[in-house]
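Chain by chain, the residues run as shown.
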Amino acid sequence: MAKKHDRGRAGRNRTLVVTKEEQIRLSGKLMRITSDQKPGRFDIIDKTILGDLFSIIDCIPDEMADLIVIDPPYNLTKDYNGLRFKSLGNAEYLEYLRSWFPKVVAKLKVCGSLYICGDWRCTAALQQVMEENLTVLNRITWQREKGRGALSNWKNGMEDIWFGVKNQKSYYFDVNAVKMKRKVLAPYRENGSPKDWEETDSGNFRLTFPSNFWDDITVPYWSMPENTDHPTQKPEKLIARLILASCPPNGLVFDPFLGSGTTSVVAKKLGRRFCGIEMNEEYAIWAEKRLEKAEADRSIQGFADGVFWERNSLSFQKKSEKQKQ
Ligand SMILES: C[S@@+](CC[C@H](N)C(=O)[O-])C[C@H]1O[C@@H](n2cnc3c(N)ncnc32)[C@H](O)[C@@H]1O
């Protein structure tokens, strides 16, 4: 299970490593279901299900999830550990989405919310299936910073996250749980006192509600404890914002393309229940290992003291933590 790059990893590289022994033990924790089985809601809670979404989605109980987070294969040629997703024409990609998306939406409670991620190339198809199945409330743009350079095109530095609900008159949204702590650049005072900002020894800060443009979240990289070798791993901070805003405490979060387990891990760290499906056993095992690690360490990089901090603000966070002690 140790990957070829493990041997050459430098000391500060914190990328997840799973030993052969752990692989066997963690594989035993994965849930496997056959297409003729119908597990109940309580059977699938806090489980990583190893299997192909297409063969098992009908076995999953309907209307079980408060929140669904979907990070599907984008319309790009990509190798998921031997499973090759081949870039399709736009119409074919839309048909691919239509073949599973309504079935996944059926797993959402009537007052539930759903987010689906994609890049500029597949976003039109995502909008289409969202509008066919849900009420679309927003499109978040995540400025992801890291992207592959291009000589004859603009480097891709953003992703979309579509947000939809089943019932726009009744859905959970806790904006106070996702406040952002931003450094104040022009500290305005009224009668000598800070106006809407706070003066501290570690700097001047303002608490704000997030907009639909997110520029404070980096992709996981090798020095971060959450990092794995998954080729398209989402940052815990990003998923934390979705879960805190759109899933009540103890509610159930479902991720049908779990990958390295980010959604389940963050749900666990934030006191929510979870269920995820992943067809690649190595990824599913990484998810289980991360879930075990979350028992001892619930921290989420970039989210501390109940607020989201800006990029590169670890030193301010530490200072603020020290001041409280
Ligand atoms: C974009 S990645 C998700 C990454 C994940 N958000 C994370 O943070 O690690 C999509 C995942 O879906 C899995 N996948 C693709 N087709 C699948 C299918 N039919 N059933 C289950 N999993 C599938 C791939 O193996 C891949 O790990």
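Residues numbered from 1 in each chain as written. Predicted model: local features only at pLDDT ≥ 70, side-chain atom pairs only at ≥ 80, totals over all residues.

1. Details of the overall build of the protein chain
Step number 1: A tally of helices and strands in the protein chain yields nine helices and 17 strands.
Step number 2: Taking 325 residues into account, the globule formula puts the C-alpha radius of gyration at 20 Å, and the protein chain, at 20 Å, falls close to it.
Step number 3: Counting only C-alpha atoms and orienting by the principal axes, one finds that the protein chain spans roughly 70 × 50 × 50 Å.
Step number 4: Counting every position in the protein chain, which comprises 325 residues, the buried fraction comes to 36%.
Step number 5: Residue pairs in contact within the protein chain that sit at least 24 positions apart in sequence constitute 68% of those at least 6 positions apart. (Helix = DSSP H or I, 4+ residues; strand = E, 2+ residues; numbered from the N terminus. Rg over C-alpha atoms; globule rule 2.2 N^0.38 Å. Buried ≥ 20, exposed ≤ 12 C-beta atoms within 10 Å, placed from the backbone. Contact = placed C-beta atoms within 7 Å.)

2. Overview of the site of the ligand
Step number 1: Taken together, 20 residues sit near the ligand, with Leu53, Phe257, Gly259, Ser260 and Thr262 positioned nearest.
Step number 2: Those elements giving two or more residues to the shell around the ligand turn out to be helix H3 (53–56) and strand E15 (273–278).
Step number 3: Of the residues belonging to the shell around the ligand, the class tally is nine nonpolar, seven polar and four charged. (Near = placed C-beta within 6 Å. Nonpolar A, V, L, I, M, F, W, Y, C, P; charged D, E, K, R; others polar.)

3. Concerning the nonpolar core
Step number 1: Ile68, Ile70, Tyr115, Ile243 and Val253 are the most contacted members of the largest nonpolar core, which totals 70 residues.
Step number 2: Ignoring sequence-local partners within four residues, the contact set of isoleucine 68 consists of Val104, Lys107, Leu108, Gly112, Leu114 and Phe254. (Core = buried A, V, L, I, M, F, W, Y, C linked by C-beta atoms within 7 Å.)

4. Thoughts on the packing of helix H6 (residues 236–246) against helix H7 (residues 262–269)
Axis angle and axis distance: for two packed helices, these are the angle between their axes and the distance between the axes, and together they describe the pair.
Step number 1: Viewed as axis vectors pointing N to C, H6 and H7 meet at an angle of 60°, and their least axial separation amounts to 9 Å. Our classification of the angle between H6 and H7 gives oblique. Like other packed secondary-structure pairs, H6 and H7 cross with a definite hand, here right-handed. Judged by residue contacts, Glu236, Ile239, Ala240 and Ile243 of H6 engage Thr262, Thr263, Val265, Val266 and Ala267 from H7.
Step number 2: Of the residues belonging to the contact of H6 with H7, the class tally is six nonpolar, two polar and one charged. (Axes fitted to C-alpha atoms, helices over the stretch in contact; angles between N-to-C directions. Parallel < 35°, antiparallel > 145°, perpendicular 65-115°, else oblique. Left-handed = near helix turned anticlockwise from the far one by under 90°.)

5. What about the sheet that holds strand E11 (residues 198–200)?
Step number 1: An order of E11-E12-E8-E17-E16 is seen for the five strands of this open sheet, with the pairing classed as mixed. Single-partner strands in this sheet number two, and they are E11 and strand E16 (303–304).
Step number 2: Pairing analysis gives four bridges linking strand E8 (residues 180–183) to strand E12 (residues 203–208), with the strands arranged antiparallel. Bridge pairing in E12 links lysine 181 to leucine 207. (Pairing = 2+ DSSP bridges.)

6. Regarding the environment of threonine 232
Step number 1: Note that threonine 232 resides in the loop between strand E13 (213–214) and H6.
Step number 2: On the neighbour-count criterion, threonine 232 (15 C-beta atoms within 10 Å) is partly exposed.
Step number 3: Separated by 28 residues in the primary sequence, threonine 232 and serine 260 place their C-alpha atoms 9.0 Å from one another.

7. With respect to H7
Step number 1: For H7, the tally of buried residues reaches eight of eight residues, placing the bulk of the element in the interior.
Step number 2: For H7, every residue scored as buried is listed here: Thr262, Thr263, Ser264, Val265, Val266, Ala267, Lys268 and Lys269.
Step number 3: Buried positions along H7 lie against strand E1 (47–50), strand E2 (65–70), H6, strand E14 (252–255), E15 and helix H8 (281–296).
Step number 4: Backbone geometry just downstream of H7 places glycine 271 in the positive-phi region, at approximately 75°.

8. Observations concerning unusual backbone geometry
Step number 1: Non-glycine residue glutamate 63 carries a positive phi angle of around 50°.
Step number 2: Topologically, glutamate 63 is positioned in the loop between H3 and E2.
Step number 3: Judged by the 13 C-beta atoms lying within 10 Å of it, glutamate 63 falls in the partly exposed class.
Step number 4: One non-glycine residue, aspartate 305, lies in the positive phi region at around 60°.
Step number 5: The exposed category is assigned to aspartate 305, around which 11 C-beta atoms lie within 10 Å.

9. Section: the sheet that holds strand E6 (residues 135–143)
Step number 1: Pairing is mixed across the open sheet formed by eight strands, whose spatial order is E1-E15-E14-E2-E5-E7-E6-E13. Unpaired on one side and paired on the other, E1 and E13 mark the two borders of the sheet.
Step number 2: Where E14 and E15 come together, four bridges link them in parallel fashion. Across the sheet, phenylalanine 254 pairs through a bridge with cysteine 275, a residue of E15.
Step number 3: Each of E2, strand E5 (108–118), E6 and E14 is contacted by H6, which is oriented at about 155° to E2, the strand it contacts most.

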